[in-house]
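Residues per chain are reported as follows:
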Amino acid sequence: MKKYLREKIISSLTSLGIGLEVPVVVERPRQPEHGDLTCNIAMVLAKGTARNPRHVAKEILQHMELDPLLIEEAETAGPGFINFKFTERFYRHKLKELLIAGNEFGRSNIGEGKKAQVEFVSANPTGPLTVGHGRNAVFGDAVANLLEWVGYDVAREYYFNNAGRQMRVLGDSVKLRYLELLGHHVEFPESYYQGDYIREIARHVLEEHADGLRDERPEGKFKEQAEREIFDGIRKTLRTLRIEFQSYFNENSLYEDGKIDEVIEELRSKHFLYESEGALWFKASVFGGEKDKVIVKSSGEPTYRLPD
């Protein structure tokens with residue numbers, strides 16, 4: 001119906017000799033009692049002129065040829081809205097279409113031949129999924145389903161950050177719990193990962209390696225074991241929700257493949273970077289940002305903006 005009314009309004013404006021430089025927007029009114037659909041094109045066209053938008057709206061209505069079997073009432077309202085009310089016959093016809101279509105109602109092919117990538121959940125492998133992650137999983141999968149419903153070839157992607165400080169802290173957390181199991185007294189920082197799942201991973205490390213990893217670096221086997229077990233748990237939770245991803249993108253691969261360095265060099269060649277206070281800054285303000293952003297800290301570690 002929106003398309004039908006839009007075409008009738010454009011036809012009316014053409015007959016009035018009014019050129020269009022703006023889109024004709026037909027939408028639901030904020031208050032249902034104002035009708036089923038409304039259009040503000042008269043106010044848009046009258047803006048900046050001496051014309052009364054209500055008069056423009058009336059002229060548009062006078063030149064609109066509306067099907068009385070579809071539109072029961074069309075009127076001007078307020079400062080210049082054009083409101084439309086559908087007939088009962090229209091609703092009965094749509095209800096019949098719905099019943100005939102059954103489970104196929106609403107399906108279309110507007111996305112046929114097109115691809116869409118939906119990246120969602122993307123929780124980092126530092127702990128089990130939370131209720132919030134679960135909400136995002138269901139929401140993202142619903143978006144992907146809707147795109148598939150209208151013909152898109154959809155790829156679901158999970159992007160996870162398995163690089164940087166948080167992963168080093170994860171490995172260190174597991175190693176400290178491992179040393180505790182070996183009888184060592186350790187100081188466990190409050191900022192480290194506190195969950196029982198860390199102790200469980202540490203027990204698995206102990207079962208496999210006994211006391212042979214006392215001198216192992218935290219970012220070595222401890223981090224690897226933690227990442228593997230946590231991500232296995234994440235996949236299991238997602239399968240319980242019947243969510244399958246076609247792609248799992250590993251942030252660490254951006255470092256291994258040299259993509260991070262390539263981006264820095266590309267931005268530097270275009271003079272979008274500068275150094276200040278020992279850090280590397282991106283000129284976000286050049287592109288309308290409120291202020292420039294650090295992409296590499298003074299320690300040499302990239303901020304999340306760079307790999308993202």
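See the structure shown above.
Residues numbered from 1 in each chain as written. Predicted model: local features only at pLDDT ≥ 70, side-chain atom pairs only at ≥ 80, totals over all residues. Heavy atoms only, no water.

Engineer: Could you clarify how one ought to interpret the packing of aromatic side chains in this entry?
Structural biologist: Within a pair of aromatic rings, the relevant descriptors are the distance that separates the centres and the angle that separates the planes. All chains considered together, the criterion is met by 17 aromatic pairs. With 4.7 Å between their ring centres and 35 degrees between their planes, Phe-120 and Phe-245 make a pair best called tilted. Pair noted here: Phe-120 is in the loop between strand 5 (115–119) and helix 5 (131–149) and Phe-245 is in the loop between helix 8 (218–240) and strand 7 (247–250), with a separation of 125 residues, a long-range link. One exposure class covers both Phe-120 and Phe-245, and it is buried. Each ring, one from Tyr-274 and one from Trp-281, has its centre 6.2 Å from the other, and the planes form 10 degrees; the classification is stacked. Tyr-274 gets classed as partly exposed once you look at its relative accessible area, which sits at 29%. A network of ring pairs unites the aromatic residues Phe-120, Tyr-158, Phe-160, Phe-231, Phe-245 and Tyr-248 as a single cluster. When the ring centre of Trp-149 is taken as reference, the NZ or CZ atom of Arg-107 above it lies at 3.8 Å. (Phe/Tyr/Trp six-rings, centres within 6.5 Å; stacked < 30°, edge-to-face > 60°. Helix = DSSP H or I, 4+ residues; strand = E, 2+ residues; numbered from the N terminus. Buried < 20%, exposed > 50% of the residue type's maximum accessible area, 1.4 Å probe, protein only. Lys NZ or Arg CZ within 6 Å of the ring centre and 35° of its normal.)

Engineer: Is there a simple way to think about the sheet that holds strand 5 in this case?
Structural biologist: Pairing between the strands of a sheet is mediated by backbone hydrogen bonds and can be parallel or antiparallel. Read from one edge to the other, the open sheet built from three strands follows the order 5-6-7, with strand pairing classed as parallel. The open sheet has two edge strands, strand 5 and strand 7, and neither has a second partner. Across the sheet, the mean angle from the axis of one strand to that of its neighbour is 30 degrees, orientation sign disregarded. Together, strand 5 and strand 6 (153–160) form the strand contacts of helix 5, whose direction differs from that of strand 6 by roughly 160 degrees. (Pairing = 2+ DSSP bridges. Axes fitted to C-alpha atoms, helices over the stretch in contact; angles between N-to-C directions. Contact = heavy atoms within 4.5 Å.)

Engineer: Can you walk me through the sheet that holds strand 4 (residues 81–86) in this structure?
Structural biologist: An order of 1-2-4-3 is seen for the four strands of this open sheet, with the pairing classed as antiparallel. One side of each edge strand has no neighbouring strand; the edge strands of this open sheet are strand 1 (26–27) and strand 3 (71–77). Sheet topology places strand 3 next to strand 4; six bridges connect them, and they run antiparallel. Of the residues in strand 4, the one forming a bridge with Glu-73 is Lys-85. Where helix 3 (residues 53–62) meets the sheet, its contacts fall on strand 3 and strand 4, and the angle it forms with strand 3 comes to roughly 155 degrees.

Engineer: In this structure, what is going on with helix 5? I would like to understand it.
Structural biologist: Since the α-helix packs 3.6 residues into each turn, any two residues three or four apart lie on the same face. Here helix 5 is 19 residues long and its end C-alpha atoms lie 27 Å apart, about the 27 Å a rise of 1.5 Å per residue gives. Of all the residues in helix 5, the buried ones are Gly-134, Ala-137, Gly-140, Asp-141 and Ala-144. For helix 5, the angular spread of the buried residues around the axis is 135 degrees, confining them to a single face. For helix 5, exposure combined with an orientation more than 90 degrees from the buried face picks out Val-131, Arg-135, Phe-139 and Leu-146. Taken together, the buried residues of helix 5 touch strand 5, strand 6 and helix 8. Just past helix 5, the residue Gly-151 takes up positive phi, approximately 105 degrees. (Expected span 1.5 Å × (residues − 1). Arc of directions from axis to C-beta.)

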